[in-house]
Amino acid sequence: DSVAEHQPGSTMMYRQYLQNVYPLVPCGFALSLLRLTDANTFLLLYGAIAYFFASKMARLVILLGPPASAFGGVALGFGFDFLIVDALLRLLGYAAEEEEEPVGKKSPGPALDVAAREEPKEALKDAPQGGNGGAGLLKSKPKPSQLAAAAKARRAESRRAETNPFGGVAAAREEAAAAVMAVADSPGGVKMRLCMGLALALATIYAYYDFHAYCRRMAEGSSRPQIMFKATYSNGQTVMVDDYREAYWWLRDKTPEDARVMAWWDYGYQITGIANRTSVADGNTWNHEHIATLGRILTAPQEEAHSYARHLADYVLVWAGGGGDDLAKSPHLARIGNSVFHGHCGNDPTCSNFGFYRDRSPTPMMEKSLLYKLVLNGQRGVAVNSSYFEHAYSSKHGKVRIYKVKRVSLKSKLWAADPANRVCDAPGSWYCVGQYPPALQEFINSRRNFKQLEDFNVKRDAASQKYHEEYMRRMGGGAGGRPAESAAAAAAAAAE
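> Let's hear about the overall build of the protein: which residues, and what values?
Helices and strands together make up the secondary structure of the protein, namely 19 helices and 9 strands. Burial analysis of the protein (496 residues in total) assigns 35% to the buried set. A fraction of 65% describes how many contacts in the protein between residues 6 or more apart in sequence connect residues 24 or more apart.

> Give a description of the pattern of salt bridges that names residues and reports values.
With the rule as written, the count across this model stands at 13 salt bridges. With its nearest N and O atoms 2.4 Å apart, the salt bridge here joins Arg 193 to Asp 86. A residue pair is termed long-range when its members are at least 10 positions apart, and Arg 193 in helix α8 (residues 187–223) and Asp 86 in helix α4 (residues 65–100) qualify at 107 residues. Residue Arg 193 is classed as buried on the basis of its relative accessible area, which comes to 3%. Note that Arg 90 and Asp 185 form a salt bridge whose closest N and O atoms lie 3.2 Å from each other. Of the two residues, Arg 90 is situated in helix α4 and Asp 185 in the loop between α7 (167–184) and α8; the sequence distance between them amounts to 95 residues. Classification of Asp 185 as buried rests on a relative accessible area of 15%. Bridged by salt links that share partners, the residues Asp 86, Arg 90, Asp 185 and Arg 193 form one connected network.

> Just give me the short version of the packing of aromatic side chains, but keep the residues and values in it.
One pass over the structure, following the stated rule, counts 14 aromatic pairs. Ring plane angle 35 degrees and centroid distance 6.5 Å describe the contact between Phe 229 and Tyr 244, whose orientation is recorded as tilted. Of this pair, Phe 229 sits in strand β1 (residues 229–232) while Tyr 244 sits in helix α9 (residues 243–254), and the two are 15 residues apart along the sequence. On the basis of relative accessible area, Tyr 244 is assigned to the buried category, the value being 8%. Between Arg 252 and the ring centre of Trp 249, over which it is positioned, the NZ or CZ distance is 4.5 Å.

> Outline helix α12 (residues 302–309), supporting the account with residue identities and numerical values.
Quick reminder: α-helices carry 3.6 residues per turn. Residues three or four places apart thus point the same way. Among all positions of α12, only Gln 302, Ala 305, His 306, Tyr 308 and Ala 309 are buried. Looking straight down α12, one finds its buried side chains confined to an arc of 165 degrees; they lie on one side.

> Describe the pairing of strand β2 (residues 238–241), naming the residues involved and giving the relevant values.
The side chains of a regular strand alternate, residue by residue, between the two faces of the sheet. Side chains Val 239 and Val 241 of β2 all project onto a buried face; the interleaved residues Thr 238 and Met 240 project onto a face where none is buried. Of the pairings in the sheet, the one linking β1 to β2 comprises 4 bridges and is antiparallel in character. Of the residues in β2, the one forming a bridge with Phe 229 is Val 241. Once β1 ends, the chain turns through 5 residues before running back antiparallel as β2, passing Gly 236 with a positive phi of about 95 degrees.

Reading the values: rules and limits
- Residue positions are given per chain, counted from 1 along the sequence in the order it is written.
- pLDDT decides what is reported in this predicted model: residues at 70 or higher carry local features, side-chain atom pairs at 80 or more are listed and counted, and totals for whole chains, interfaces and linings draw on all residues regardless.
- Water and hydrogen atoms play no part in the side-chain values, which are based on all heavy atoms of the structure.
- Think of it this way: any DSSP run of H or I at least four residues long counts as a helix, any run of E at least two long counts as a strand, and we number them from the N terminus.
- Burial classes: relative accessible area under 20% of the type maximum marks a residue as buried, over 50% as exposed, and values in between as partly exposed (1.4 Å probe, protein chains only).
- The contact criterion used throughout is that any non-hydrogen atoms of two residues lie within 4.5 Å.
- Salt bridge, as used here: a side-chain nitrogen of Lys or Arg that lies within 4 Å of a carboxyl oxygen of Asp or Glu.
- The criterion for an aromatic pair is that two Phe, Tyr or Trp rings (for Trp, the six-membered ring) have centres within 6.5 Å, with stacked assigned to planes under 30 degrees apart, edge-to-face to planes over 60 apart and tilted to the rest.
- In this scheme, the term charge over a ring applies when either NZ of a lysine or CZ of an arginine sits within 6 Å of the ring centre and within 35 degrees of the ring normal.
- To obtain the arc, one takes the directions from the helix axis to the C-beta atoms.
- Paired strands, in this sense, are two strands between which DSSP finds at least two bridges.

Honestly, that's just the spatial picture; any functional story needs more than this.
Below, the structure written as structure tokens:
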């Protein structure tokens, strides 16, 4: 249950991001293999390396863009060259030869063959006559050394054919290629190639406009995260839901400038960019252990969660109101937390004990968790202990809730803010790896670094391999696996 961007690449993902270029890539790769040059060799290596990294992590699929485009260009270039350019040149060549040929003469192909066969005879007739009855070159005998060299060459060729296991395959391939080209180069074959080339050109034009429209849709969807959207009440009234922006502006206007906000990493950049407040985690999720620490705190019982959160944050923000809120995501948070804090969910890496039953009632672990109480506070008899977390803000439509952390450790806050406690890659650098306050050191030491499937820089040890195998077995429906519809039931329960 690593974050989605860290999952290995998949065929569906390649189809989604490469779109119409996807089916052309294997063709271009094969053509580059058949015609090896320095440029093609570079392209093949580039493509293989880019595919290796893209297969390890979904984020790195961007590396496939340039080589995929190049392979697509190779495939289309070969198609247009063979079906249109070469066919047009041959068609014009046939037309020119037919115009120059006298009436009654045979077709160009056979005529040229006959001329080629007759040419040696004419040359022999014109050759100077020798002293042996005028036989000339035709009657002359080859020298013994020439005969010996020819025999030696034939024996060597025979040995090579016997020892080369692919000799027959290569010969058969050459014969098949010659037969295909003989048909393709005939007048009928040339016209057929032109028709196919025209169809390819039309298909390419259609695919271009389709690809262009698809790229625009993808770009708009990726560059326009929606924090405002329209919704319709049961009475038919249409409203603009502006809860998220209003919540971020509340943080900006109603909290101290040095306030730290704990929320699931999905909203980190929005908290930083719109609210102008420090977020405990954001979209820079390569540090899996930090994300797991956040998941571990949010899915822990509220008393235990408070004992950790008071050293890291001043406020906790959660998405509520059903749909894709934090309660719907919570089983993933628990699994990610368990991947680093082993034992958080017992011996079950899928955290099947954290979720909802089929009747939409919460499991005991879910019911005790901080996230469950923050999202459903004041509903269905659920209440947050106000001595740990004080309700500070709820948005108009209940999509966002913000709580103030009580009894924040000022000592830990000042320690984290002290520049002397920052670990930077160079003095004065903007890139500084965060450190946890000393009060959390025992908690942090209990983490076990997660050897991710996609972490190709680190070889997984036996324990990590066993953990991954057990996780996949249970997620696949093995004994002791997750309760049915845990995430779906969480979403449905939150929407009620």
